[in-house]
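Listed below, chain by chain, are the residues.
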Amino acid sequence: MTNHIIGLTGGIATGKSTVANYLANVYGLPVFDADIYARDAVAIDSPILDAIAQRYGQEILLADGSLNRSRLGEMIFSHPTERQWIDSIIHPYVRDRFVQAIHQSSASTIVLVIPLLFEAQMTDLVTEIWVVTCTEMQQLQRLMERNQLNSEQATARINSQLSLQEKAAMADFVLDNSGSLADLLKQIDKIIIGNSN
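Values in this document were obtained by computation on a predicted structure and should not be read as measured data. (Residues numbered from 1 in each chain as written. Predicted model: local features only at pLDDT ≥ 70, side-chain atom pairs only at ≥ 80, totals over all residues. Heavy atoms only, no water.)

**Q** Lay out helix 3 (residues 47-56) with the relevant residues and their values.
**A** Listing the buried residues of helix 3 in full gives Ile48, Leu49, Ile52, Ala53 and Tyr56. Down the axis, helix 3 shows its buried residues gathered within 140 degrees of arc, on one side only. With respect to the buried face of helix 3, the exposed residues turned more than 90 degrees away are Pro47 and Gln54. On its buried face, helix 3 sits against helix 2 (34-41), helix 4 (69-78) and helix 5 (80-104). One or two positions beyond helix 3, positive phi appears at Gly57, with a value near 90 degrees. (Buried < 20%, exposed > 50% of the residue type's maximum accessible area, 1.4 Å probe, protein only. Helix = DSSP H or I, 4+ residues; strand = E, 2+ residues; numbered from the N terminus. Arc of directions from axis to C-beta. Contact = heavy atoms within 4.5 Å.)

**Q** Now, about the packing of aromatic side chains: what can you tell me, with residues and values included?
**A** Per the counting criterion, the structure on display carries four aromatic pairs. Note on Tyr56 and Trp85: the rings are 6.0 Å apart at their centroids and 90 degrees apart in plane angle, and the pair reads as edge-to-face. Within this pair, whereas Tyr56 is found in helix 3, its partner Trp85 is found in helix 5, the two being separated by 29 residues in sequence. Tyr56 sits in the buried class, given a relative accessible area of 12%. Ring centres of Trp130 and Phe173 lie 6.2 Å apart, and the angle between their planes is 75 degrees; this geometry places the pair in the edge-to-face category. (Phe/Tyr/Trp six-rings, centres within 6.5 Å; stacked < 30°, edge-to-face > 60°.)

**Q** Describe in detail helix 7 (residues 151-159), supporting the description with residues and values.
**A** Of the residues making up helix 7, those classed as buried are Ala154, Arg157 and Ile158. Down the axis of helix 7, the buried set is contained in an arc of 100 degrees. They therefore lie on one face. Residues of helix 7 that are exposed and point more than 90 degrees away from the buried face comprise Glu152 and Asn159. Residues of helix 7 that are buried make contact with helix 4 and helix 6 (136-147). A side-chain oxygen of the first residue of helix 7 lies 3.1 Å from the backbone nitrogen of Glu152; this N-cap is Asn150. (Polar contact = N/O pair within 3.5 Å; in protein donor to acceptor, adjacent residues only side chain to side chain.)

**Q** Run through the layout of surface pockets, naming residues and quoting values.
**A** Considered as a void within the structure, the largest pocket measures approximately 1,300 Å³ in volume. Around the largest pocket, the lining comprises 39 residues; the ones closest to its centre are Ile12, Asp35, Ala38, Phe77 and Pro115. Of all elements in the fold, only helix 1 (16-27), helix 2, helix 4, helix 5 and helix 6 reach the threshold of two or more residues within the lining of the largest pocket. Tallied by class, the residues present in the lining of the largest pocket amount to 18 nonpolar, ten polar and eleven charged. (1 Å grid on protein atoms, 1.4 Å probe; cavity = no way out; pocket = protein on both sides within 12 Å on 5 of 7 lines; lining within 4 Å. Points joined across faces, edges and corners; volume = space filled by probe spheres on them. Nonpolar A, V, L, I, M, F, W, Y, C, P; charged D, E, K, R; others polar.)

This is the structure:
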């Protein structure tokens with residue numbers, strides 16, 4: 001029976017995946033990821049993808065019928081009302097998948113990676129919250145490099161979320177990823193060891 005559910009969140013491009021992979025690979029914790037569920041939600045021929053295509057037209061799809069993510073990203077990050085509409089159809093699907101995962105897991109501790117933990121109001125699913133942070137400049141540079149975005153595009157994505165300061169203020173544990181990888185992993189070890197005592 002799962003009684004310890006870590007909600008792992010943070011800003012975009014702050015290092016959540018690095019933390020999740022370490023918890024899975026070193027501590028053997030089951031990790032469930034909102035981004036994977038969100039991709040499943042818009043799979044080819046899914047009702048949610050059909051709804052998106054009806055709203056935005058066939059040009060929102062690639063030749064194979066899958067979602068054109070970069071085009072959708074451009075639209076929703078420059079139009080907050082469209083982002084809210086997308087979130088309103090994807091978040092309930094993601095929440096349902098998390099609820100299933102929690103019920104089906106026999107592990108005592110599991111990790112839910114939820115980038116929009118606060119924004120999507122999913123804090124009730126977890127028993128403790130970990131927030132990964134870094135400096136604003138690092139976040140911007142990492143996002144630009146990772147997603148091949150210009151400064152304006154990256155800033156729009158960052159600004160679509162709560163600020164790192166707001167997220168950190170609501171965390172049980174804050175992981176500072178502004179230093180070296182070794183420093184980040186040390187912080188994770190410290191929390192895990194503290195929790196097991």
